[in-house]
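A structural walkthrough
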Amino acid sequence: MKTLIALALIATTFAGTAMAERINVASNANVDRSVQRLIDAVEGAGAHVFTKVDFARGSASVGEALRPTTVVIFGSPKIGAKALQQGQTMALNLPLRMLFFEDANGQTWAVYDDPTTIAPSHGLAADHPAVLAMRGALEKLSAAATGE
């Protein structure tokens, strides 16, 4: 009986958790260049780059090796505020972020989660105008970063 209760709790927990669709875009440049292209595109669009996190540098600081792996965190209150007004827990996924990494074959990738698949778990419709604006921005910015 305890096993059935535990399984029911696990199923309930996962049923309420949205699984984001992960978008992977191959880049024609290395991680550093791709990151800089993203930063330039974000700033050129009038949005703000809050920070970038260089995991390879952090790993090196403790004597560990890691292929280039950087996350850029960015956004615009113009879009984010409209989403947060309806679903404040969307703040868990904002500001937007994009991961750049070099795989074992030397290919650089830009990766982000599709906001339309995350939004419903925060009480927002997948077609909410702010969510669609986030998706469009991520598509446009990833293309600029990767040379698409």
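For the structure itself, consult the block above.
Analysis parameters
- Residues numbered from 1 in each chain as written.
- Predicted model: local features only at pLDDT ≥ 70, side-chain atom pairs only at ≥ 80, totals over all residues.
- Heavy atoms only, no water.
- Pairing = 2+ DSSP bridges.
- Helix = DSSP H or I, 4+ residues; strand = E, 2+ residues; numbered from the N terminus.
- Axes fitted to C-alpha atoms, helices over the stretch in contact; angles between N-to-C directions.
- Salt bridge = Lys/Arg side-chain N within 4 Å of Asp/Glu carboxyl O.
- Buried < 20%, exposed > 50% of the residue type's maximum accessible area, 1.4 Å probe, protein only.
- Parallel < 35°, antiparallel > 145°, perpendicular 65-115°, else oblique.
- Left-handed = near helix turned anticlockwise from the far one by under 90°.
- Contact = heavy atoms within 4.5 Å.
- Nonpolar A, V, L, I, M, F, W, Y, C, P; charged D, E, K, R; others polar.
- Expected span 1.5 Å × (residues − 1).
- Arc of directions from axis to C-beta.

This paragraph deals with the sheet that holds strand E3 (residues 69-75). Strand order across the open sheet formed by 5 strands is E1-E5-E4-E3-E2, with antiparallel pairing between neighbours. In this open sheet, the two edge strands, each paired with only one partner strand, are strand E1 (22-26) and strand E2 (48-54). For this sheet, the mean inter-axis angle between neighbouring strands, taken without regard to orientation, is 20°. Pairing analysis gives 6 bridges linking E3 to strand E4 (residues 96-102), with the strands arranged antiparallel. Counterpart to Val71 in the pairing with E4 is Leu99.

Moving on to the pattern of salt bridges. Under the criterion given, the structure shown has 4 salt bridges. Residue Arg22 pairs with Asp113 through a salt bridge whose shortest N-O separation is 2.7 Å. Of the two residues, Arg22 sits in strand E1 while Asp113 sits in strand E5 (residues 108-113), which places them 91 residues apart along the sequence. Residue class for Asp113 comes out partly exposed when judged on its relative accessible area of 26%. Here Arg135 ties to Glu139 by a salt bridge, and the two come within 3.5 Å at their closest N and O atoms. With Arg135 and Glu139 both in helix H6 (residues 129-146), this residue pair falls 4 residues apart, about one helical turn. Residue class for Arg135 comes out partly exposed when judged on its relative accessible area of 32%. Residue classification places Glu139 among the partly exposed residues on the basis of a relative accessible area of 40%. Here the residues in one salt-bridge network are Asp114, Arg135 and Glu139, joined through shared partners.

H6 packs onto helix H4 (residues 77-86) with a crossing angle of 140° between their chain directions and a minimal axis gap of 8 Å. Comparing the axis directions of H4 and H6 gives the class oblique. Where H4 crosses over H6, the handedness of that crossing is left-handed. Taken together, the residues of H6 that come into contact with H4 (itself represented by Ile79, Gly80, Lys82 and Ala83) are Ala130, Ala133 and Met134. In the contact of H4 with H6, the residues fall into 5 nonpolar, 1 polar and 1 charged.

For H6, spanning 18 residues, the distance from its first C-alpha to its last is 26 Å, which sits close to the expected 26 Å at 1.5 Å a residue. Those residues of H6 lying buried are Ala130, Val131, Met134, Leu138, Leu141, Ser142, Ala145 and Thr146. Looking straight down H6, one finds that the buried residues subtend no more than 120° of arc, so they occupy a single side. Those residues of H6 that are exposed and aimed more than 90 degrees away from the buried face are Pro129 and Lys140.

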